[in-house]
Amino acid sequence: MTAPLTSPLLGALDGYWDGRFQPRPSAPRIDVHDPATGAVIARVPTHGADEARLAVDSAARALASPLDRAARGRVLAAIEASLLEHRDALATILTTENGKPLAEARGEIEYAAGFFRDAATHLDALAPVTLAARPRGLTWQVHHRPAGVAALITPWNFPIGMLAKKLAGAIAAGCPSVVKPSELTPLSCIAWFTLLDGLGLPPGFVNLVFGDAPAIGAVFCSHPAVRVVSFTGSTAVGRLLAAQAAPNFKRLSLELGGNAPFLVFDDADVDLAVDALLTNKFRCGGQTCVCANRVYVGSGVADRFVDAVAARVRALVVGHGLDEGVAVGPLIDHKGVAKVTDHVRDAVARGARIVTGGVPAGGAFFPPTVLTGVTSEMRCANEETFGPVVAITAFDDEEAMVEAADATPYGLAAYVFTRDAAKAERVVARLHFGHVGVNTGSGPTPEAPFGGFRTSGVGREGGLEGVLEFIELQTVPHG
Ligand code: ADP
């Protein structure tokens, strides 16, 4: 089934380098699908090592005439304004290729704009610094230089949001970028490049390739002009990129998988915790790396909590993300459905109980599901399910539960619900996660640094820290 997606922002379905879209008429094409219907909505060319090199070379030429901080500020403001102006058109494309509800897609564009707004506030911090001390009788200056070409590799769950985090930091630092979106969702990115093309940026300052991810990734990790590889995606691919980039000492910024625990103590505000879980868990159909993967609930409030969660979950409307009132869209593809189905089957085989949902609903749809009696040996407790499944474990022993919550190689996000502030502080300090919400299910925000501990990554996105990922410090003693 073919149902081409038309939009004024999708005039070209091509990569972008040297300041223009670059048709590749003879390149093999890949299909882009609407995950809700399975329809092919576009066919885009595939790029490989040659195109990746052209794009990096284009960025390297732009680096030769760096933008000063005032010019970067104007670029950041222009991108923020253009995202907000074209929010709805971009959101429609995003929903059609990703499946998430339109309201979420609109929220993602606003979230993305926030990274450009925030990055602009850090430009003053990049001014050269003269040390007050004069060691060896010399005047010491420290400059914040653009590190070099930035290679930005992004996943399909937030095609605009994840790129915004990286691109805003790179631009604030003065680094030209080469972007590689997921092949499952290249259209939002192409549409965004149509907007960027209209902003009069210097040729080569932003570039776009997609297609053969391993071939493109290999160029990013070996081309001498690339100094920063910023990647969001699976731990497996992050590990591969780290190994490829190591011999060339590229700077790496990696935001990888998580396995977020969500702890609800007996003294928690249960209604607040239920609300927070629903918002946190079902964003993008549960396909986010910060969404609660393991829910631990004190046995004193477990029954009440499970009943309330199940009632709310049953009321979630599942459907095409463009339809009014839909809260949960499809998963990204059949592989996603297969993984979620396996996790539920495995949990049930090991003794978990399905309170609601649990059976694939056809196509890429999986119904919002609640499991209870989840134990630590189940797959859903050890791997990210990446789907609309709330996996609940009741606990009596707080000590053992906090230990279990932390017993994962991952360390991205965690959540703690208690009315006892001292307990919250103690528990947060014991959780080795880069982001820990206390009485909130909130994920990251543009203004604050966000990133993982342990195998959830290295580096930070957002805030001044997200800009510094793209900066090299140059120390200049003056005699
Ligand atoms: P997910 O499971 O979320 O799709 P992946 O890590 O597979 O996570 O994909 C995230 C991004 O990494 C996508 O843009 C994908 O195309 C890209 N990618 C996958 N394999 C490689 C690779 N070998 N080198 C570089 N990028 C890759």
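### Overview of the site of the ligand
Neighbouring the ligand are 17 residues; Thr-154, Trp-156, Lys-180, Glu-183 and Ser-234 lie closest to it. Side-chain polar atom of Glu-183 to an oxygen atom of the ligand: 2.8 Å apart, as the coordinates give it. Contacts to the ligand include Ala-213, whose backbone N or O atom sits 3.4 Å from a nitrogen atom. Protein coverage of the free-state accessible area of the ligand, which is 550 Å², stands at 79%. A breakdown of the residues in the shell around the ligand according to their chemical character gives 9 nonpolar, 6 polar and 2 charged.

### A short note on the domain arrangement of the protein chain
You can read the domains of the protein chain as domain 1 (8-256 + 454-478) and domain 2 (260-438). Averaged C-alpha coordinates put domain 1 and domain 2 at centres separated by 31 Å. In this assembly, 25 residues from domain 1 lie in contact with 28 residues from domain 2. Buried area between domain 1 and domain 2, summed over both chains or domains, comes out near 2,100 Å², and the portion from carbon and sulfur atoms is 61%. When the area that domain 1 buries against domain 2 is broken down by residue, the three leading residues are Trp-156, Arg-454 and Ser-456, summing to 28%. Across the contact surface, domain 1 and domain 2 share 1 salt bridge. Where Arg-454 meets Asp-406, a salt bridge forms, and the shortest distance between an N and an O atom there is 3.0 Å. The interface formed by domain 1 and domain 2 contains 11 residue pairs in polar contact (both at pLDDT 80 or more). Of all the elements in the fold, those that place two or more residues in the side of domain 1 that touches domain 2 are helix H3 (87-98) and helix H4 (102-120). Looking at the side of domain 1 that touches domain 2, the element that brings in the most residues is H3, giving 5 residues. Broken down by class, the residue content of the side of domain 1 that touches domain 2 amounts to 8 nonpolar, 11 polar and 6 charged.

### Considering the environment of Glu-398
Mapping Glu-398 onto the fold places it in helix H13 (residues 398-406). Expressed as a C-alpha distance, the spacing of Glu-398 and Val-295, which sit 103 residues apart in the sequence, is 13 Å. At 3.0 Å, the side chain of Glu-398 forms a polar contact with the side chain of Lys-423.

### Thoughts on the nonpolar core
Counting 61 residues, the largest nonpolar core has Leu-83, Phe-116, Leu-167, Leu-187 and Trp-192 as its most contacted members. Looking at this core, the elements with two or more residues in it are strand S4 (40-45), helix H2 (69-85), H3, H4, strand S7 (149-153), helix H5 (161-173), helix H6 (187-197) and strand S9 (206-208). Non-local contacts of Phe-116, meaning those with residues more than four positions away in its chain, are made with Leu-76, Ile-79, Glu-80, Leu-83, Ala-164, Leu-167, Ala-168, Ile-171 and Trp-192. Residues Val-274, Val-355, Leu-412 and Tyr-415 belong to the second largest nonpolar core, which totals 34 residues.

Reading guide: rules and limits
Residues numbered from 1 in each chain as written. Predicted model: local features only at pLDDT ≥ 70, side-chain atom pairs only at ≥ 80, totals over all residues. Heavy atoms only, no water. Near = heavy atom within 4 Å. Polar contact = N/O pair within 3.5 Å; in protein donor to acceptor, adjacent residues only side chain to side chain. Areas by Shrake-Rupley, 256 points an atom, 1.4 Å probe, with all protein chains shown as cover. Nonpolar A, V, L, I, M, F, W, Y, C, P; charged D, E, K, R; others polar. Domains from an automatic or database assignment. Contact = heavy atoms within 4.5 Å. Buried area = accessible area lost by both parts, 1.4 Å probe. Salt bridge = Lys/Arg side-chain N within 4 Å of Asp/Glu carboxyl O. Helix = DSSP H or I, 4+ residues; strand = E, 2+ residues; numbered from the N terminus. Core = buried A, V, L, I, M, F, W, Y, C linked by side-chain atoms within 4.5 Å. Buried < 20%, exposed > 50% of the residue type's maximum accessible area, 1.4 Å probe, protein only.

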